Amino acid sequence: MTVRTRFAPSPTGYMHIGGMRTALFNWLFARHNNGQFILRIDDTDQQRNVEEALGPILQAFRWLGLDWDEGPEVGGDHGPYFQSQRGELYHQALDDLLLKGKAYRDFDPPDVVKADREAAEKEKRNYMNIRRSLELSDEDIQRNLETDVPYVIRLFVPRDEKVAINDAVRGEVEWDCSLIPDPVIMRSNGSPLYNFASVIDDAQLKITHIIRAEEHLSNAPIQVLLFGALGYEQPQFAHIPFITAPGSNKKLSKRDLQKLRNNPAMRKMFQVADNILPRLGLEVGESVNPITVEYYERLGFLSEAIFNALSRLGWSLDDKTENMSRETVIENFTLERVIKSPAGLDPEKLMSYQEHWMGQKSLEEKVTGVLPCLQRAELISDSLSDDDLSYVGRVIVALDDRLKTFSDILQFDDFFMSDDDLQFDEKAIQKRLIKPDDALPLLKKLREKLATVESFDAVTTEAMLHQFIEEEEIKVGQIIHALRVAVSGKSTGPGMFDCLELLGRERCLARMDRAIGIAESASAS
RNA sequence: GGCCCCAUCGUCUAGUCAGGCCUAGGACACCGGACUUUCGAUCCGGUAACGGGGGUUCAAAUCCCCCUGGGGUCACCA
């Protein structure tokens, strides 16, 4: 039998990282078993524009490299793949259940049901719905229908039975039906509820394995009952652990976005977003934040890294392998190696995957990755000459592994700013140019020497600087920090002489003049 | 509260089903050292865990029971 798995996102306008991980496991299981992965869209009661809200979600799938065999854009033999278009199928199933007596119309108005529930709560007993409508005669029911008395349809739960699943990750889990109230499967307005629609869809789409997050475990008994009542075979369930916020064991939720900001492990991710996103013309919000996939794409993370990190949330290959390619994960992914306990998202671990995969990238790939960031931040023009490209390449070579995400290039914007626009870090100027008494005189002397050095390549300037140090009888540290601040505006950066060579003589001298001017006027006042 | 799930270093996890190879392995983080003009990187080294209590057994992280702790879910949401 062909393995078929699915993921059923609601068109919300963003892809949650936890949902992405669930989708990934479904996709991996399908790919590992040469099966099919289906995307189905849960767009019942959607007010917003579905197509627009679906865009970022499909984009997240494409970015991560998760292709789907059936679903939006690609179609398939089991469609439609939008729940909103499957209404007819739900009603056929409903009629079937009603006919077989497996479901019934409940004419109790909502306030009566609510009162029942409150009464049970008050008496501290378990609420079970009172099946008053089951007492109705056929004539009563007929009359109710003719006079349009509103009703919902409930599944008739056989209270003397037990339901069980053999979960692929959790093993045998059993529920006592005597504790399960009859669930509503169709609203009074005629629309189906999730638990019901989902079962119909899964059955009709011939889904063999339902892989979903643990929070759905309590939906399982009802769905199992539904599969049985409809005469469908029960699919294999696999309830994978949900993802928790760093240092917590609570489910990572979009509702706790503000709380996450204060989470020590997440703080850095938000700070990066606050600093970088505006420069890219974006801002932190519902759709772009550390728990959405778009955040990582926008900030120039590698999809290989996110794929790797997501794979490791609740799954491992063995006792030591951490860095895995898509192929390796597909080849080795089994539900057997999915863990039961919650999986915590660790931004630092994620970053270590990112560093690993960035290290695998060629210079060309890095240039390509960095360009959109530079262009969006208007640090480089949209029409690039070969010289521009090779300059970006040389900067990246100098940056070496300081470039961890593509957007990190913005931290080294001094290579791309004009000499007049360059911002000097005030603290750095203070510490390196103003505070040491000898800094300014030395820097001025060095400036004159640099102006006359015959070539401005890294080797020559380095040799020159060492000669300068000997002549002045100083240590490297007494001049090089001042030089760095003067030339880049910052106190840290790539190798000093690489920086000089990249910028070239004219730009270095111009920047040194500006820095000297700033420092002098600051110390004068 | 009912039902259900879970429990190994600070974190993610290997080991649990088929008890001994576990003086509990790896990774991230952290601490120290080396290198270094800064930052970063790299290389060496180090600290650090089986929630508690009972069993079973020659032997328990692993099997059984109880306790404790944490979590999920209880809609005419998905």
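Cut-offs applied
- Residues numbered from 1 in each chain as written.
- Chains lettered and ligands numbered in written order.
- Predicted model: local features only at pLDDT ≥ 70, side-chain atom pairs only at ≥ 80, totals over all residues.
- Heavy atoms only, no water.
- Near = heavy atom within 4 Å.
- Polar contact = N/O pair within 3.5 Å; in protein donor to acceptor, adjacent residues only side chain to side chain.
- Helix = DSSP H or I, 4+ residues; strand = E, 2+ residues; numbered from the N terminus.
- Nonpolar A, V, L, I, M, F, W, Y, C, P; charged D, E, K, R; others polar.
- Core = buried A, V, L, I, M, F, W, Y, C linked by side-chain atoms within 4.5 Å.
- Buried < 20%, exposed > 50% of the residue type's maximum accessible area, 1.4 Å probe, protein only.
- pLDDT = per-residue confidence, 0-100.
- Pairing = 2+ DSSP bridges.
- Right-handed = clockwise from strand over helix to strand, strands pointing away.

Let us look at the protein's contact with RNA strand B. In the neighbourhood of RNA strand B, 61 residues make up the surrounding shell, with Arg 187, Asn 249, Asp 401, Arg 402 and Gly 493 lying closest. Sugar and phosphate atoms constitute 74% of the interface atoms of RNA strand B, taking the interface as everything within 4 Å of the protein. The contact in question runs from a phosphate oxygen of RNA strand B to an N or O atom on the side chain of Lys 251, over 3.1 Å. Within the side chain of Glu 322, one N or O atom sits 3.2 Å away from a base nitrogen of RNA strand B. When residues of the surface near RNA strand B are traced back to their parent elements, those giving at least two are helix 4 (110-122), strand 6 (171-176), strand 11 (343-344), helix 13 (347-359), helix 19 (477-488) and helix 20 (496-503). Top contributing element to the surface near RNA strand B by residue count: helix 13, with 4 residues. Considering only residue class, the surface near RNA strand B consists of 18 nonpolar, 18 polar and 25 charged.

With that settled, the discussion passes to the nonpolar core. The biggest cluster of nonpolar side chains holds 128 residues, and the ones touching the most others in it are Met 20, Phe 61, Ile 409, Phe 415 and Leu 483. A total of 9 residues in this core trace back to one element, the largest contributor, which is helix 1 (residues 17-32). Leu 94, Val 199, Ile 210 and Leu 230 belong to the second-largest nonpolar core, a separate cluster that totals 37 residues.

Low pLDDT means the predicted coordinates in that region are not meant to be read closely. Averaged over all residues, the pLDDT of chain A equals 93, while 99% of them reach at least 70. Predicted complex, confidence summary: ipTM 0.94, pTM 0.94.

This part covers the pairing of strand 2 (residues 36-39). Within a regular beta strand, the side chains point alternately toward one face of the sheet and then the other, so they alternate between its two faces. Here strand 1 (residues 4-7) pairs with strand 2 via 4 bridges, running parallel. Within strand 2, the residue paired with Arg 4 across the bridge is Gln 36. In this fold, strand 1 hands off to helix 1, which returns the chain to strand 2; that crossover is right-handed.

The next thing to look at is unusual backbone geometry. Look at the link from Gly 79 to Pro 80: it is a cis peptide, with omega at 0 degrees. Of note in this structure, Lys 124 is not a glycine but carries a positive phi near 55 degrees.

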